[in-house]
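Residue-level structural notes
Here is how the chains run, residue by residue.
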Amino acid sequence: MIVLDCLGQRCPLPVIALAKKLPTVEVGDVVRVLADDPAAGNDIRAWCRMKGQEFVAEGDNQFDVRRVS
Amino acid sequence: MPLHPVARQALLAALDDGWADPDRLYSAGRRAGQLLDAARAATAECLNVRPDEVTFTASGTAAVHAALLGGLAGRRRAGDVLVHSAIEHSAVLQAAQRHGSATRERGSARQGYGSAAQEHGKAQQGHGSAVEVGVDQLGRLDLDAWRRAVAAPGVALASLISASHEVGTVQPLAAAAQACAAAGVPLHTDAAQSIGHAPIPPGWSLLTGSARKWGGPPGVGLLVVRKGTRWLSPYPGEDLHRPRPQGALDLPAVVAAAAALRAVLREAATEAVRLSALVDRIRATVPATVPDVEVVGDPVQRLPHLVTFSCLYVDGEALLHALDRQGFAVSSGSSCTAATLRPSHVLEAMGVLSHGNVRVSLHRGTTADEVDRFLAVLPGIVADIRKAAGM
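Read on for an overview of the structure. Only a predicted model underlies this, so the values are computations on that prediction, with no experimental measurement involved.

Below, the discussion takes up the overall build of chain B. Each helix and strand counted, chain B has 11 helices and 11 strands in total. What you see for chain B is a C-alpha radius of gyration of 21 Å, in line with the 21 Å of a compact globule of 391 residues. Counting all 391 residues of chain B, 50% fall into the buried class. Relative to all contacts within chain B whose residues are 6 or more apart in sequence, the contacts with residues 24 or more apart total 72%.

Structure follows, in structure tokens:
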């Protein structure tokens, strides 16, 4: 599992980190973003929708995104 | 929105003529009383209601709180549940929080529900309960969920914003009101965004507004309670059954508010066409000239003067300040621009991007040239902020 530690970072920084990381992983791989900004869950989900990537799951301050394209 | 020139004239005249306490019996007081009655009658005529159904308050927020808490108190025997949409103004959410604990009609796992208002009000929470009804991605009320929610046992009052103050989506007020009528539940509508800009369908029992949103001065709220609606004052005071402003009204401002409303409604139809075309221009141009932008809200069923979009990878506060330096005063629903550091509950309820968010409100003074200049500078500003963030 590829983990991006964005704890303590304000939005849009976690989304920027995810957008930079995802093109570097294999299609099908999952990136886990650790983020505690209150907007992170909403904005990572919206980013996946806008960019055609898969929002897999969310837990406590963690969000899993699969590269599908 | 800047003060309407008619409101300014009326305000200056009323400062000389309406300084006295309208409840006093001396001649200056009686004159002030006449001005208040005339303002009430003019406002009632504009809204197609009876003058004795109209109350002016010290703010739009005060009007919302009086409508909700008084409407709930009046229906105490019927129940203690308040139904409201997920995209209400914070004034409604705060009153709901004061009323009681929250649940939601459509079970969605989205985080952040209740957010700032909920955390704020816990210490003062009442014994009632509030049910929140969700919206779709365009910000439209989930009508099926609304029908279920208002038909449930124990519902005292329902509250639906006439059109979203953040994204402009006009709500299905007539259908929502029908569902309420069928269930015997009175409906409050927060019409602050619509009054003077867009028609408001009938069927509501309580309506609130804010004069500064229609070109009147700040510090004047509007509360309309239709005849036959049970309303009980939530405040200390003598008038238990009739809404009254808390403390003395700013009478010159009330006179100016009524004058502005009349003037704005005379222009409303032509202004709506003009501003709606400018909003269409923004809605079409921004996604074409700025990459990775989401224009949010319903493109058709919307307010004529308001448009909202979110730019990926952009800090909302930085965007707002950069636009301000170019002379554009815009708002944002991004968390970095909120005192609570929480994103807008409206954008969250819709599930749309909350960072890099800009809300543009056009008014009667906005020209096509200004809109074009805004559209010309925006791509460069967004590109600079993204470049600084390494995108």
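The rest of the description comes next.
Moving on to the overall build of chain A. Assigned secondary structure in chain A consists of two helices and four strands. Secondary structure elements of chain A occur, N-terminal to C-terminal, as β-α-β-α-β-β. For 69 residues, the compact-globule estimate of 2.2 N^0.38 gives 11 Å, and chain A sits close to it at 10 Å. When the backbone C-alpha atoms are referred to their principal axes, chain A occupies close to 30 × 25 × 20 Å. Per-residue burial for chain A yields a buried fraction of 38% across its 69 residues. If you take every contact in chain A between residues at least 6 apart in sequence, the share linking residues at least 24 apart comes to 61%.

Okay, the sheet that holds strand β2 (residues 30-34) of chain A next. All names here are of chain A. Strand order in the open sheet formed by four strands is β1-β2-β4-β3, with mixed pairing between adjacent strands. Every interior strand has two partners, whereas the edge strands, β1 (2-5) and β3 (54-59), have only one. On average, each strand axis in the sheet is inclined to that of its neighbour by 20°, with strand direction left out of account. Sheet topology note: the β2/strand β4 (residues 62-66) ladder contains five bridges and is antiparallel. Bridging across to β4, Val-31 finds its partner in Val-65.

Next up on the list: helix α9 (residues 316-325) of chain B. All names here are of chain B. Listed as buried for α9 are Gly-316, Leu-319 and Leu-320. The arc that holds every buried residue of α9, seen down its axis, measures 100°, which confines them to one face. Each element contacted by the buried residues of α9 is listed here: β10 (306-311), β11 (357-361) and α11 (368-388). Where α9 ends, the next residue or the one after it, Gly-327, has phi of about 90°, a positive value.

Those residues of helix α1 (residues 13-21) of chain A that sit buried are Pro-14, Val-15, Ile-16 and Leu-18 of chain A. As for α1 of chain A, its buried residues are in contact with β1, β2, α2 (40-51) and β4 of chain A.

To continue, consider the packing of helix α1 (residues 5-17) of chain B against helix α8 (residues 251-289) of chain B. Residue and element names in this part refer to chain B. The interhelical angle for the contact between α1 and α8, taken along N-to-C directions, is 150°, at an axis separation of 8 Å. With respect to α8, the element α1 is oriented roughly antiparallel. In the crossing of α1 with α8, the sense of the turn from one axis to the other is right-handed. Packed against α1, whose contacting residues are Val-6, Ala-7, Ala-10, Leu-11, Ala-14 and Leu-15, the element α8 presents Leu-251, Pro-252, Ala-253, Val-255, Ala-256, Ala-257, Ala-259, Ala-260 and Ala-263 at the interface. Partitioned by chemical class, the residues of the contact of α1 with α8 number 15 nonpolar, no polar and no charged.

Here we take up the interface of chain B and chain A. Between chain B and chain A, the contact holds 21 residues from the first and 15 residues from the second. Looking at the side of chain B that touches chain A residue by residue, the class counts come to 10 nonpolar, seven polar and four charged.

A separate point is the nonpolar core. Residue and element names in this part refer to chain B. Membership of the largest hydrophobic core comes to 130 residues, with the highest contact counts inside it found for Val-254, Val-255, Ala-256, Ala-257 and Ala-260. Here this core spans two domains, and each of domain 1 (5-263) and domain 2 (269-388) adds at least three residues to it. Setting aside residues up to four positions removed in sequence, Ala-256 forms contacts with Ala-7, Ala-10, Leu-11, Ala-14, Gly-216 and Pro-217.

Below, the discussion takes up the pairing of strand β5 (residues 155-161) of chain B. All names here are of chain B. In terms of burial, β5 is largely enclosed, as seven of its seven residues are buried. Summarising the sheet, strand β2 (residues 81-85) and β5 pair through four bridges and their orientation is parallel. Each bridged residue has a counterpart across the sheet, and for Leu-82 the counterpart in β5 is Leu-157. Sheet topology note: the β5/strand β6 (residues 187-190) ladder contains four bridges and is parallel. Pairing of Ile-161 across the sheet is with Asp-190, part of β6. As for the winding sense of the linkage, the β-α-β connection from β5 through helix α7 (residues 173-183) to β6 is right-handed.

Glancing now at the sheet that holds strand β1 (residues 54-57) of chain B. Residue and element names in this part refer to chain B. The strand order across the open sheet formed by eight strands is β1-β8-β7-β6-β5-β2-β4-β3, and the pairing between neighbours is mixed. Single-partner strands in this sheet number two, and they are β1 and β3 (100-104). Looking at each pair of strands side by side, their axes are set apart by 20° on average, direction ignored.

The subject of this paragraph is the pairing of β1 of chain A. Residues and elements named next belong to chain A. Bridge count for β1 against β2 is four bridges, and the pairing is parallel. Bridging from a neighbouring strand, Ile-2 pairs with Val-31 of β2. For the segment spanning β1, α1 and β2, crossover handedness is right-handed.

What counts, and where the lines are drawn
- Sequence order as written defines residue numbering, which begins from 1 separately in each chain.
- Lettering of chains starts at A and numbering of ligands starts at 1, both following the order in which they are written.
- A pLDDT threshold of at least 70 governs which residues receive local features in this predicted model, and a stricter bar of 80 or more applies before side-chain atom pairs are shown or counted, although totals over entire chains, interfaces and linings include all residues.
- Only runs of H or I of at least four residues qualify as helices and only runs of E of at least two qualify as strands under DSSP, and these elements are numbered from the N terminus.
- Note on method: radius of gyration uses C-alpha positions; expected globular size equals 2.2 Å times residues raised to 0.38.
- Remark: C-beta atoms are placed from the backbone, and a residue is labelled buried if 20 or more other C-beta atoms sit within 10 Å of its own, exposed if 12 or fewer do, or partly exposed between those counts.
- Residues are scored as being in contact if the C-beta atoms we place from backbone atoms lie within 7 Å.
- Any two strands with at least two DSSP bridges between them are considered paired.
- Between the N-to-C directions of two axes lies an angle of 0 to 180 degrees, each axis being a line fitted to C-alpha atoms and, for a helix, fitted only over the stretch in contact.
- What the arc describes is the spread of directions from the helix axis to the C-beta atoms.
- An angle counts as roughly parallel when it lies under 35 degrees, as roughly antiparallel when it exceeds 145, as roughly perpendicular when it falls between 65 and 115, and as oblique in every other case.
- Rotating anticlockwise by less than a right angle from the far helix to the near helix defines a left-handed crossing, while the corresponding clockwise rotation defines a right-handed one.
- Ten residues, namely Ala, Val, Leu, Ile, Met, Phe, Trp, Tyr, Cys and Pro, are considered nonpolar, four, namely Asp, Glu, Lys and Arg, are considered charged, and the remaining ones, Gly among them, are considered polar.
- We call a set of buried Ala, Val, Leu, Ile, Met, Phe, Trp, Tyr and Cys residues a nonpolar core when their C-beta atoms link them within 7 Å.
- Throughout the structure description, domain borders are defined by an automatic or database domain assignment.
- Orienting the strands away from the viewer, one traces the path from the first strand over the helix to the second; a clockwise path indicates a right-handed crossover.

In short, geometric facts, not functional conclusions.
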